[in-house]
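Next come the chains, spelled out residue by residue.
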Amino acid sequence: MTSLSYRGHRFSAAIIQHAIWLYLRFTLSYRDVEELLAERGLDLSYETIRRWVLKFGPLLARRLRQRRPRPGDRWHLDEMVVRIGGQRMYLWRAVDQEGEILDLLVQSRRDKRAALRLLRKLLRKQGFAPKLAVTDKLPSYAAAFRALRLTCRHEQGLRMNNRAENSHQVVRRRERKMQRFKSAGSAQRFLSVHAAVHNTFYLQRHLISRSTLRTFRAEAMTHWQGAVAAA
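Residues numbered from 1 in each chain as written. Predicted model: local features only at pLDDT ≥ 70, side-chain atom pairs only at ≥ 80, totals over all residues. Heavy atoms only, no water.

## A short note on the overall build of the chain
Heads up, the condition is: Strands are runs of DSSP state E lasting at least 2 residues, helices are runs of H or I lasting at least 4, and numbering of each runs from the N terminus. C-alpha atoms define the radius of gyration in this analysis, and the globule rule sets the expected value at 2.2 Å times the number of residues to the power 0.38.
In terms of helices and strands, the chain carries eight helices and five strands. Seen in sequence order, the chain has helices and strands lined up from the N terminus as α-α-α-β-β-β-α-β-α-β-α-α-α. For the chain, the C-alpha radius of gyration of 19 Å lies close to 17 Å, the compact-globule estimate for 231 residues. With the C-alpha coordinates aligned to their principal axes, the bounding extent of the chain is approximately 55 × 45 × 35 Å.

Here it is as structure tokens:
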């Protein structure tokens, strides 16, 4: 596993880890995190927090993904419109039946080629094909399935894909907080990191008891602490 070192930084590893966790775990801006840390007597700028997230975020996300169990075999795929630099772009996303974000891809098109790119990336990273794929009625999905010769059952319908539709809500909140994404590359990088943290702390609270929630929260924090620990 790639080593992680906090050497050469003025602040301790615990402070760096907490600042990154606050930014990625909650819908906060860099300035919000700066204010929260200032209330605890820590004098640092939002630009410092931004550099910490850019430096450590991708590695932490990789470590979190390595600790995740195998996702489900029912995939929900969907795409949403995002405005990036004044241009209309599409965020393609895949989640499993539990709401786990499998992967996402920012693309300029909403066609067969874009659907193929997402599916190829999913199959390569997950290492297996789904038993069921649920999408909306966009013809690009069916064309991509045929091109890849996927034999899984494919269900299409507007309301059948609510699992994927609901997963867009977190991104919409972040998009508003960040006053839109500045470029396709930065959106892809941030959302990939954010997805790994979201998956770790995503708990369907309405489906579990309070005692189970406490257990799951403790497990999520254990996964996070294992990812941020220095080598």
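Still more ground to cover, so stick around.
## Some words on the pattern of salt bridges
Counted only if it meets this: Any Lys or Arg side-chain nitrogen found within 4 Å of a carboxyl oxygen on Asp or Glu counts as a salt bridge. Exposed residues in this analysis have more than 50% of their type's maximum accessible area, buried residues have under 20%, and partly exposed residues fall in between, with area computed by a 1.4 Å probe over protein chains only.
Taken as a whole and judged by the stated rule, the model has ten salt bridges. In this structure, Lys-125 and Asp-103 form a salt bridge, with 3.8 Å as the shortest nitrogen-oxygen distance. Taken together, the residues span a long stretch of sequence, with Lys-125 in helix α4 (residues 112–126) and Asp-103 in strand β3 (residues 101–107) at a distance of 22 residues. Across the pair Glu-175 and Arg-172 runs a salt bridge whose closest N-O atoms are separated by 2.9 Å. Taken together, the residues Glu-175 and Arg-172, both in helix α6 (residues 162–177) and three residues apart, mark about one turn of the helix. The class of Glu-175 is buried, set by a relative accessible area of 9%.

## Comments concerning the environment of Ala-144
For the record, the criterion: Should any heavy atoms of two residues lie within 4.5 Å, those residues are counted as being in contact.
The topology assignment puts Ala-144 in helix α5 (residues 139–148). The spatial distance from the C-alpha of Ala-144 to the C-alpha of Gly-185 is 24 Å, given a sequence separation of 41 residues. For Ala-144, the contacting residues outside a window of four places in its chain are Lys-112, Ala-115, Leu-116 and Leu-119.

## Section: the nonpolar core
Applicable threshold: Take the buried residues of types Ala, Val, Leu, Ile, Met, Phe, Trp, Tyr and Cys, join any two whose side-chain atoms come within 4.5 Å, and each joined set is a nonpolar core.
Counting residues in hydrophobic clusters, the biggest one holds 48 residues, and the most contacted among them are Ile-20, Trp-52 and Trp-224. Once residues within four sequence positions are removed from consideration, Trp-224 is found in contact with Gln-17, Ile-20, Trp-21, Leu-60, Leu-64, Val-197 and Phe-201. Residues Tyr-90, Ala-94, Leu-102 and Leu-116 belong to the second largest nonpolar core, which totals 21 residues.

## Comments concerning the pairing of strand β2 (residues 87–95)
Applicable threshold: Should DSSP find at least two bridges between two strands, the strands are taken to pair.
In terms of residue burial, β2 counts as a mostly covered element, since seven of its nine residues are buried. Bridging between strand β1 (residues 74–84) and β2 involves nine bridges; their strand directions are antiparallel. Within β2, the residue paired with Asp-78 across the bridge is Arg-93. Direction of pairing for β2 relative to β3: antiparallel, over a ladder of six bridges. Paired with Arg-93 across the two strands is Leu-104, which belongs to β3.

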